[in-house]
Amino acid sequence: MDGTSIFGAMQALQFGAQTVNGLLALKVSSEVQTKAIELNSQIIAAQGHIMAIQSDYAATIEEVKLLKEEIARMKSIGGEREKYILHQVERGAFAYILKPSVDSSEPAHWLCVQCFDNGHKKILSANKRVTGGREVEHQCPHCKNSITVHHRRRIQRLTEDELKIQIDNIEGRRVD
Ligand SMILES: [Zn+2]
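1. Digging into the overall build of the protein
Next up, step 1: Helix and strand counts for the protein stand at 4 helices and 6 strands.
Next up, step 2: In sequence order, the secondary structure elements of the protein are arranged as α-α-β-β-β-α-β-β-β-α.
Next up, step 3: With respect to the principal axes defined by its C-alpha atoms, the protein has extents near 100 × 35 × 25 Å.
Next up, step 4: Taking all 176 residues of the protein together, 11% fall into the buried category.
Next up, step 5: When contacts within the protein are restricted to residue pairs at least 6 apart in sequence, those whose partners lie at least 24 apart make up 44%.

Encoded structure:
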């Protein structure tokens, strides 16, 4: 069933109701009148059912539209995922960062781990100084998750050397 056939069914019922009303306007026996009134209430019930189907149909159309958008987004992020690698910016502070091999004119940036894992590309932005100015909190504009790094930690592309280093081996806080 599509929108056109729902509309067609509603129209047919509308004509049916008009016919019944026409019948009731005629001089007919009370028996016919009773039957016509019964038929009328059945038509009204059928119209109610069609309206419910119509609203379900509209909801389904909306759902399909959202799913299509979601698939398109996941496809586009799928390509993006190849360009990034999970990186420990500082101890306990993780972000997705562009791989050195990626040819990109985009300025260096850190992506929110949680959002990227959920298919959203959200860039962390320096939010505020914390720990008496010693550290800076970088926050995700979407989920509000944040990482805290030394205030002199620069946002830069990962180098080939860094890529080779086992990130887990970084000890303490290296300040560039
Ligand atoms: Zn986020």
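Once you've had a look at it, read on.
2. Observations regarding the sheet that holds strand β5 (residues 135–139)
In a beta sheet, neighbouring strands are held together by backbone hydrogen bonds and run either parallel or antiparallel to one another.
Next up, step 1: If you trace the 3 strands from one edge of the open sheet to the other, you get β4-β5-β6, paired in antiparallel fashion. A single partner strand is all that each edge strand has here, and the edge strands are β4 (125–130) and β6 (146–150). Each strand axis lies, on average, 30 degrees off the axis of its neighbour in the sheet, ignoring direction.
Next up, step 2: Bridging between β4 and β5 involves 5 bridges; their strand directions are antiparallel. Paired with A126 across the bridge in β5 is H138.

3. Some remarks on the domain arrangement of the protein
Next up, step 1: By the assigned domains, the protein splits into domain 1 (3–80) and domain 2 (83–169).
Next up, step 2: Each partner contributes to the interface: domain 1 provides 4 residues, whereas domain 2 provides 4 residues.
Next up, step 3: Across the side of domain 1 that touches domain 2, the residue classes tally to 2 nonpolar, no polar and 2 charged.

4. Focus on the pairing of strand β2 (residues 93–98)
Next up, step 1: Burial of β2 is extensive: 5 of the 6 residues sit out of reach of the surface.
Next up, step 2: Here strand β1 (residues 84–90) pairs with β2 via 6 bridges, running antiparallel. Bridge pairing in β2 links H87 to A95.
Next up, step 3: Counting the residues in the hairpin turn of β1 and β2 gives 2 residues, including G92, whose phi is positive at 80 degrees.
Next up, step 4: Note: β2 against strand β3 (residues 110–111), 2 bridges, orientation antiparallel. Counted as the bridge partner of I97 is W110 from β3.

Reading the values: the criteria
Residues numbered from 1 in each chain as written. Predicted model: local features only at pLDDT ≥ 70, side-chain atom pairs only at ≥ 80, totals over all residues. Helix = DSSP H or I, 4+ residues; strand = E, 2+ residues; numbered from the N terminus. Buried ≥ 20, exposed ≤ 12 C-beta atoms within 10 Å, placed from the backbone. Contact = placed C-beta atoms within 7 Å. Pairing = 2+ DSSP bridges. Axes fitted to C-alpha atoms, helices over the stretch in contact; angles between N-to-C directions. Domains from an automatic or database assignment. Nonpolar A, V, L, I, M, F, W, Y, C, P; charged D, E, K, R; others polar.

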